[in-house]
Amino acid sequence: MSQEGILPLATVRLSPGGRPGAGAARRGDPATGGGARADAALASPAPERRPAVRRSLKAAAKARARRGTRRMSPERVIKESQRWLDIIARHDRLTPAGKKRVVRETIKSFDAYFNSGFLEYRKSVAEAEQYAAIEWTGEGIYVEDIMGRRYIDCLGGFGIYSAGIRHPKIVAAVQSQLARMPLSSQELLDPLRGALAELLGEIAPGNLQKCFFINNGTDAVEGAMKLARLHTEKSGFISTIRGFHGKSYGSLSLMGKADYRVAFEPLLQDVYFVEFGDADEVEWQLKKARDVGLEIAAVVAEPIQGEAGAIVPPDDYWPRLREICDEFDVLLIADEVQTGLGRTGRLFGVDHWNIIPDIMCLGKALGGGVMPLSAFISTPEIWKVLEKNPFLHSSTFGGNPIACAAGIAAINVTLSEDLPAKAAEAGEYFLQGLREVQARYPDYVVDVRGRGLLIGVEFVSTDFGYAVAAGLFRRGVLVAGTLLNAKTLRFEPALFIAKKEIDEVLGILEDTLRSMA
């Protein structure tokens, strides 16, 4: 650039449409007057430099902003990354000064490089008094921050720690596979992907057998939606108000709350919403769609709504959904990302009603709390549409060897330790204790609900619910509000939580409410 704010135009000739070289002859192309004439044109002197165009102050300001001032030199990046590798290697030998430095730098990096909004949202910053709570280690049902403060984990990473934090059998499986082959070559067949698919096909309800592995719950829902459209050759979906199915484009289209949808509209247009738990409304919606010629591929629902606040439907809801979908020739998709693998006291949430969906989505606990892993699974008949071209739906990292090792171990632990039964027993005890607390504080606790260890406690307001969560945090218990119902706190501990630990949580909750009453 020759002057501040001045941008010289390129010397390439422009066609009337503004495309470089569009009107110029191509060498050797008779259709454009090529050959000798083109050679002569290429040999001619370069045209004079065209006059510069003055760039606006707005454009100049944008250019300056893009340059930025934060760049480290490559040498500095190498040094800084090595420092963090050393911290990872000697995580248990940091000095007090080193720990405080990690706290300061974590806050700084979240603010400048990640998302500063988390610093206001997270109780680990807002309620942690002198030093922000920096997650450092954990085991079983306990999490410990870098300064040594210990917490009973009743949040469970939003449901991923069904088998607890760092279950030794799951960690060992991942470490063994990591030492041998961490990711797939994408050409040779991966035995662990086949083994996990077989195990999942054997424990899934009914004739659900063929599956595909990915990384997140939203990925599983996206795959289920594509499979439903392929099989039925229809495009529409019926979802539920306050249902949560993920935040990528397709799954977000099924989201039943405006707060997360509006900013990204327009989403998929042929999605229709009904009240969760009301099978009559599903039937009415399908009748209406049939009468006006709308094509519905599937009805999508959670067995128990998790992010809406552990909403348990009436007992006839899922049996009616199955009958209605069969009657109207649409598929039934069960989103078991949060409820699957024992969380509600049965291996799968739909097992409470002995229902077999057409497609089922899994995630969270499937990776054993060690690796990200999700799946969607369906019947051999429905799956045929994906077998003609297996690359019609694929993933670079989905079903990788270390994730599959974690999944195999997670299924082994879930069944061998009978985690669903433990969740049922512990959940009944926990719910009873929470309802006793509700009876003592009826002006503050509106409702206690759930199944197994997917539990929601609803308070009189969002602010009061946050204050309770903050009080529990300061007293050493991790909980959080649900994404679609902020005045409801979720309790999702490891499925083997003992009565002694439940009693401790109940005592801390009572102490918190007493201090606020």
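All of these numbers come straight from a predicted model, not from anything done at the bench. Throughout, a residue's number is its position along its own chain's written sequence, starting from 1. Whole-chain, interface and lining totals are the exception, using all residues; otherwise, since this is a predicted model, local features are given only for residues with pLDDT of at least 70 and side-chain atom pairs are given and counted only at 80 or more. Note that the side-chain values use all heavy atoms of the structure and ignore hydrogens as well as water.

## As for the pattern of salt bridges
The term salt bridge refers to a side-chain nitrogen of Lys or Arg lying within 4 Å of a carboxyl oxygen of Asp or Glu. Per the counting criterion, the structure on display carries 23 salt bridges. Measuring nitrogen to oxygen at the nearest pair gives 2.6 Å for the salt bridge that ties R83 to E105. Note that R83 is positioned in helix α3 (residues 74-89) and E105 in helix α4 (residues 96-114), a separation of 22 residues in sequence. Shared partners join several salt bridges into a network, and the residues in it are E80, R83, R101 and E105. The numbering of helices and of strands both runs from the N terminus, where a helix is a DSSP run of H or I of at least 4 residues and a strand a run of E of at least 2.

## Considering the environment of N412
Relative to the assigned elements, N412 resides in helix α16 (residues 401-416). The buried label applies to any residue whose accessible area, calculated with a 1.4 Å probe on protein chains only, is under 20% of its type's maximum; exposed applies above 50%, and partly exposed to all values in between. Of the residues examined, N412 reaches a relative accessible area of 36% and is grouped as partly exposed. Counting along the chain gives 242 residues from N412 to I170, while the straight-line C-alpha distance between them is 9.0 Å. In what follows, a contact means two residues having at least one pair of non-hydrogen atoms within 4.5 Å. Those residues in contact with N412 that sit more than four places away from it in its chain are K169 and E417.

## Regarding the state of the cysteines
Such a bond, covalent and formed between the sulfur atoms of two cysteines, is termed a disulfide. Any cysteine sulfur atom paired with another within 2.5 Å is treated as part of a disulfide. With the rule as written, the count across this model stands at zero disulfides. The thiol sulfur of C404 is not disulfide-bonded, and the nearest other cysteine sulfur, from C211, lies at 8.8 Å.

## Remarks on the nonpolar core
Membership of the largest hydrophobic core comes to 91 residues, with the highest contact counts inside it found for W318 and F491. Per-element tally for this core: the top contributor is α16, with nine residues. Not counting residues up to four positions away in its chain, the partners in contact with W318 are A301, E302, P303, P313, L332, I333, A334, V350, W353 and I355. As used here, the term nonpolar core means buried Ala, Val, Leu, Ile, Met, Phe, Trp, Tyr and Cys residues forming a set that is joined through side-chain atoms within 4.5 Å. In terms of nonpolar packing, the next biggest core, distinct from the first, is built from 23 residues, F212, L254, A298 and F376 among them.

## Looking at the packing of helix α10 (residues 217-232) against helix α15 (residues 380-387)
Each axis is a line fitted through C-alpha atoms, and for a helix only the stretch in contact is used; angles between axes span 0 to 180 degrees, taken between their N-to-C directions. Viewed as axis vectors pointing N to C, α10 and α15 meet at an angle of 95°, and their least axial separation amounts to 9 Å. Judged by the angle between their axes, α10 and α15 are roughly perpendicular. Seen from α10, the contacting residues are L227, L230 and H231; seen from α15, they are E381, I382, W383, V385 and L386. Only Asp, Glu, Lys and Arg are considered charged, only Ala, Val, Leu, Ile, Met, Phe, Trp, Tyr, Cys and Pro nonpolar, and every remaining residue, Gly among them, polar. In terms of residue class, the contact of α10 with α15 is built from six nonpolar, one polar and one charged. Roughly parallel covers angles under 35 degrees, roughly antiparallel covers those over 145, roughly perpendicular covers 65 to 115, and oblique covers all other angles.

## What about a positive patch on the surface?
On the surface, a cluster of positive charge is contributed by K58, K62, R66 and R67. Within the secondary structure layout, R66 lies in helix α2 (residues 57-67). With a relative accessible area of 63%, R66 lands in the exposed category. Here, patches come from residues exposed beyond 30% relative accessible area and free of salt bridges, joined within 9 Å for like charges and within 5 Å for nonpolar side chains (Val, Leu, Ile, Met, Phe, Trp, Tyr). For the accessible areas, the method is Shrake-Rupley and the probe is 1.4 Å, while residue cover comes only from the protein chains on display. We score Asp and Glu as negative and Lys and Arg as positive, and we do not count His or the chain ends. For this purpose, a charge sits on NZ of Lys, CZ of Arg, CG of Asp or CD of Glu.

## Description of the sheet that holds strand β7 (residues 236-240)
At least two bridges found by DSSP between two strands are what make those strands a pair. A sheet is described by the order of its strands in space; here seven strands give the open sequence β6-β12-β11-β10-β9-β7-β8, paired in mixed fashion. Either end of the sheet is taken by a strand with one partner, and the two such strands are β6 (210-214) and β8 (271-274). Across the sheet, the mean angle separating the axes of adjacent strands is 20° when strand polarity is ignored. Examined bridge by bridge, strand β9 (residues 296-301) and strand β10 (residues 331-335) share four bridges and lie parallel to one another. Opposite A298, over in β10, you have L331 as the bridge partner. Sheet strands touched by α10: β6, β7, β9, β10, β11 (359-362) and β12 (374-378). Its angle to β12, the strand with the most contacts, is close to 25°. On the sheet, helix α13 (residues 279-292) packs against β7, β8 and β9 and is oriented at approximately 150° with respect to β8.

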